[in-house]
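# What the coordinates show
For reference, the chains in residue letters:
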Amino acid sequence: MWSAGRGGAARPVLLGLLLALLVPGGGAAKTGAELVTCGSVLKLLNTHHRVRLHSHDIKYGSGSGQQSVTGVEASDDANSYWRIRGGSEGGCPRGSPVRCGQAVRLTHVLTGKNLHTHHFPSPLSNNQEVSAFGEDGQGDDLDLWTVRCSGQHWEREAAVRFQHVGTSVFLSVTGEQYGSPIRGQHEVHGMPSANTHNTWKAMEGIFIKPSVEPSAGHDEL
Amino acid sequence: MAPQNLSTFCLLLLYLIGAVIAGRDFYKILGVPRSASIKDIKKAYRKLALQLHPDRNPDDPQAQEKFQDLGAAYEVLSDSEKRKQYDTYGEEGLKDGHQSSHGDIFSHFFGDFGFMFGGTPRQQDRNIPRGSDIIVDLEVTLEEVYAGNFVEVVRNKPVARQAPGKRKCNCRQEMRTTQLGPGRFQMTQEVVCDECPNVKLVNEERTLEVEIEPGVRDGMEYPFIGEGEPHVDGEPGDLRFRIKVVKHPIFERRGDDLYTNVTISLVESLVGFEMDITHLDGHKVHISRDKITRPGAKLWKKGEGLPNFDNNNIKGSLIITFDVDFPKEQLTEEVREGIKQLLKQGSVQKVYNGLQGY
């Protein structure tokens with residue numbers, strides 16, 4: 001079929017090129033095990049300040065007076081676990097990989113309240129207060145956060161941003177620390193612009209592997 | 001004729017010798033057919049591992065060996081590559097030999113500390129501090145409650161590992177008495193610590209298999225011992241998956257029974273009909289009516305509900321409630337006359353108190 005002789009060196013190169021074109025996605029094949037899926041429980045690390053998103057049964061002394069959300073340095077605190085859920089009931093079935101641009105809710109595992117923000121000033125830096133709100137996972141429309149990342153899906157290794165759907169601020173830490181009774185914990189607040197203070201990475205957790213069946217594909221943006 | 005018999009005999013002999021040399025029959029060890037799905041294999045392993053664990057069979061000298069066989073069988077049959085090799089060449093045909101310790105496989109299903117038999121010794125020693133437990137809600141569909149399933153989960157957790165140097169541990173407040181002068185003492189509070197080997201937290205990852213058993217009920221928990229949060233001075237807590245059954249668009253669960261509704265047309269309600277309802281695993285439930293079906297009529301289908309958690313062979317019932325779709329537009333004069341003629345009913349118009357059950 002191929003004529004022998006001339007072009008002997010070029011042939012394997014051409015074949016290689018042809019194969020590379022045929023392979024879809026060209027090598028960036030994801031095993032699927034590295035994607036964050038709905039139903040997973042995880043800790044989020046602010047990559048710049050090295051603190052984990054955290055909440056506890058302590059209310060803000062100012063602003064809304066709701067349950068406070070902070071950043072902690074410890075890696076073994078069970079109060080740093082958050083559960084990823086879709087924006088509405090049944091909107092993101094267990095095991096569906098979270099898409100970049102999808103709206104999710106982050107529910108604090110130990111208190112059942114959702115990550116929330118609203119037009120109240122934060123106590124230390126006067127940015128926008130971020131609180132934990134709701135009962136048993138049921139809050140309101142201000143619990144929705146859009147996952148901002150590059151590519152198609154939220155990958156566990158990636159640094160992503162969380163942009164609030166209602167007020168457009170980004171979940172951020174800028175280094176201010178509280179005194180007693182939560183000495184050493186950092187303030188978490190909302191900031192209007194995307195910068196190095198608002199990238200977060202999934203760390204410890206219980207990650208549900210992506211399910212084999214195609215997701216129901218409910219778009220709830 | 002003689003050479004044929006001889007060759008068959010030789011073949012049979014070779015086969016038998018081959019079967020003996022070829023090694024263990026993994027399918028028989030797990031008790032599954034050769035066509036078993038991965039789900040069946042996981043289910044069989046989990047059930048047998050609990051039964052055959054050496055801690056559970058202290059009087060059986062072969063317990064360790066049986067348990068090892070079980071682990072080897074699962075390791076091969078749960079991996080599609082190895083299973084293919086095994087199916088073609090037998091145990092001898094497995095190239096790289098099974099190296100992974102059986103402890104690893106067992107902990108996929110039950111957690112780091114495995115399953116403590118004989119009265120959970122963990123709880124007895126209250127002096128050892130424990131890390132926090134984590135409870136994860138696991139959403140489960142009715143299809144999974146009907147047929148069972150396995151959910152694979154990656155657990156990434158901080159683990160306490162030895163590090164060079166020492167650290168302060170078991171810090172506590174103690175009262176110290178100091179003498180200020182003859183007969184005068186002062187009591188002060190002091191923080192006193194012990195010295196312990198240094199420990200640092202390192203993130204480690206492993207895969208866990210959570211079984212959704214058929215008939216599982218809302219709120220039931222599946223624990224993985226030792227997979228919770230670590231404690232630098234003690235033991236890690238546990239990870240528990242709590243089942244949360246989600247609502248289904250067609251079926252409603254009440255215990256082991258399933259409820260569903262069907263709307264039929266006015267004609268069907270009067271003259272009868274046939275239909276199929278697709279069940280949770282895809283099989284069809286056939287309904288055939290030739291009598292009149294009133295609105296609110298209930299049909300009981302025994303054995304078409306959910307399997308009972310304690311005995312999967314017993315199933316609840318499927319209860320179907322019918323409602324009738326009345327025509328939406330007004331009927332023409334012609335149709336009205338026709339109906340009066342066909343049904344030949346007189347006027348009824350009985351007035352009564354419907355709320356007191358007369």
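Given the structure is predicted, the values throughout are model-derived calculations rather than measurements. (Residues numbered from 1 in each chain as written. Chains lettered and ligands numbered in written order. Predicted model: local features only at pLDDT ≥ 70, side-chain atom pairs only at ≥ 80, totals over all residues. Heavy atoms only, no water.)

Attention now goes to the overall build of chain B. For chain B, the helix and strand inventory stands at 10 helices and 11 strands. Counting all 358 residues of chain B, 34% fall into the buried class. Taking the contacts inside chain B whose residues are at least 6 apart along the sequence as the reference set, 66% of them involve residues at least 24 apart. When the accessible surface of chain B is totalled, it reaches about 22700 Å², and 52% of it is carbon and sulfur. (Helix = DSSP H or I, 4+ residues; strand = E, 2+ residues; numbered from the N terminus. Buried < 20%, exposed > 50% of the residue type's maximum accessible area, 1.4 Å probe, protein only. Contact = heavy atoms within 4.5 Å. Areas by Shrake-Rupley, 256 points an atom, 1.4 Å probe, with all protein chains shown as cover.)

Our focus in this paragraph is the nonpolar core. One finds Ile-206 of chain A together with Leu-239, Phe-241, Ile-320 and Phe-322 of chain B to be the most contacted residues of the largest nonpolar core, which totals 38 residues. Shared between two domains, this core takes at least three residues from each, and those domains are domain 2 (134-245) and domain 3 (252-343) of chain B. Excluding anything up to four places from it in sequence, Ile-206 of chain A contacts Ser-40 and Val-41 of chain A together with Ile-134, Val-136, Val-153, Val-154, Arg-155, Leu-239 and Phe-241 of chain B. Counting 31 residues, the second-largest nonpolar core is a separate cluster that includes Val-98, Trp-145, Val-147 and Tyr-178 of chain A. (Core = buried A, V, L, I, M, F, W, Y, C linked by side-chain atoms within 4.5 Å. Domains from an automatic or database assignment.)

Here the focus is the UniProt feature "domain: J" (unreviewed entry) in chain B. Mapped onto this numbering, the UniProt entry gives "domain: J" (unreviewed entry) at residues 25-90 of chain B. Helix makes up 68% of residues 25-90 of chain B and strand 0%, with an end-to-end C-alpha separation of 8 Å. (UniProt positions renumbered as here; feature names shortened; annotations may be inferred.)

Bringing the domain arrangement of chain B into the picture now. All names here are of chain B. Assigned domains within chain B: domain 1 (24-91), domain 2 (134-245) and domain 3 (252-343). The C-alpha centroid of domain 2 is placed 32 Å from the C-alpha centroid of domain 1. With 5 residues of domain 1 at the contact, the number on the domain 2 side is 10 residues. Taking both sides of the interface into account, the surface hidden between domain 1 and domain 2 amounts to around 620 Å²; carbon and sulfur atoms contribute 48%. It is Lys-39, Lys-42 and Arg-46 in domain 1 that bury the most area against domain 2; as a group they hold 78% of the surface buried on that side. Here domain 1 is connected to domain 2 by 4 salt bridges. (Buried area = accessible area lost by both parts, 1.4 Å probe. Salt bridge = Lys/Arg side-chain N within 4 Å of Asp/Glu carboxyl O.)

Right, let's get into the packing of helix H4 (residues 63-77) of chain B against helix H5 (residues 80-89) of chain B. Residue and element names in this part refer to chain B. Here H4 crosses H5 at 105°, and the two axes come no closer than 6 Å. In terms of orientation, H4 and H5 fall into the roughly perpendicular class. The residues of H5 that touch H4, namely those facing Glu-75, Val-76 and Leu-77, are Lys-82, Arg-83 and Tyr-86. (Axes fitted to C-alpha atoms, helices over the stretch in contact; angles between N-to-C directions. Parallel < 35°, antiparallel > 145°, perpendicular 65-115°, else oblique.)

Here we take up the state of the cysteines. All names here are of chain A. Tallying each qualifying case throughout the model produces 2 disulfides over all chains. Bridging Cys-38 to Cys-92, the disulfide has an S-S length of 2.0 Å. Around the S-S axis, the bridge from Cys-38 to Cys-92 shows a dihedral of about 95° and counts as right-handed. In this pair, Cys-38 is assigned in the loop between helix H1 (10-22) and strand E1 (41-46) and Cys-92 in the loop between strand E4 (82-86) and strand E5 (103-108), connecting sequence segments 54 residues apart. (Disulfide = S-S within 2.5 Å.)

On to the packing of aromatic side chains, then. Residue and element names in this part refer to chain B. Counted according to the given criterion, the structure contains 10 aromatic pairs over all chains. Pairing Tyr-45 with Tyr-74 gives two aromatic rings, centres 4.8 Å apart and planes at 40°, and the pair type is tilted. In this pair, Tyr-45 is assigned in helix H3 (residues 38-52) and Tyr-74 in helix H4, connecting sequence segments 29 residues apart. When its relative accessible area of 0% is taken as the criterion, Tyr-45 is described as buried. On the accessibility criterion, Tyr-74 (6% relative accessible area) is buried. On the numbers, 5.7 Å between centres and 85° between planes, the contact of Phe-224 with Phe-241 is edge-to-face. Highlighted residues: Phe-224 in strand E4 (residues 221-224) and Phe-241 in strand E5 (residues 239-245), separated in sequence by 17 residues. (Phe/Tyr/Trp six-rings, centres within 6.5 Å; stacked < 30°, edge-to-face > 60°.)

Where nonpolar side chains cluster on the molecular surface, the patch consists of Leu-331, Val-335, Ile-339, Leu-342 and Leu-343 of chain B and spans about 450 Å² of accessible area. Its place among the elements puts Ile-339 of chain B in helix H10 (residues 333-343). (Patch = residues over 30% accessible without salt bridge, like charges linked within 9 Å, V, L, I, M, F, W, Y side chains within 5 Å.)

Attention shifts here to the pairing of strand E1 (residues 134-140) of chain B. Residue and element names in this part refer to chain B. Along E1, the buried face is formed by Ile-134, Val-136, Leu-138 and Val-140; none of Ile-135, Asp-137 and Glu-139, which line the opposite face, is buried. Relative to E5, E1 runs parallel, the two sharing 7 bridges. By the bridge assignment for E5, Val-136 is matched with Phe-241. (Pairing = 2+ DSSP bridges.)

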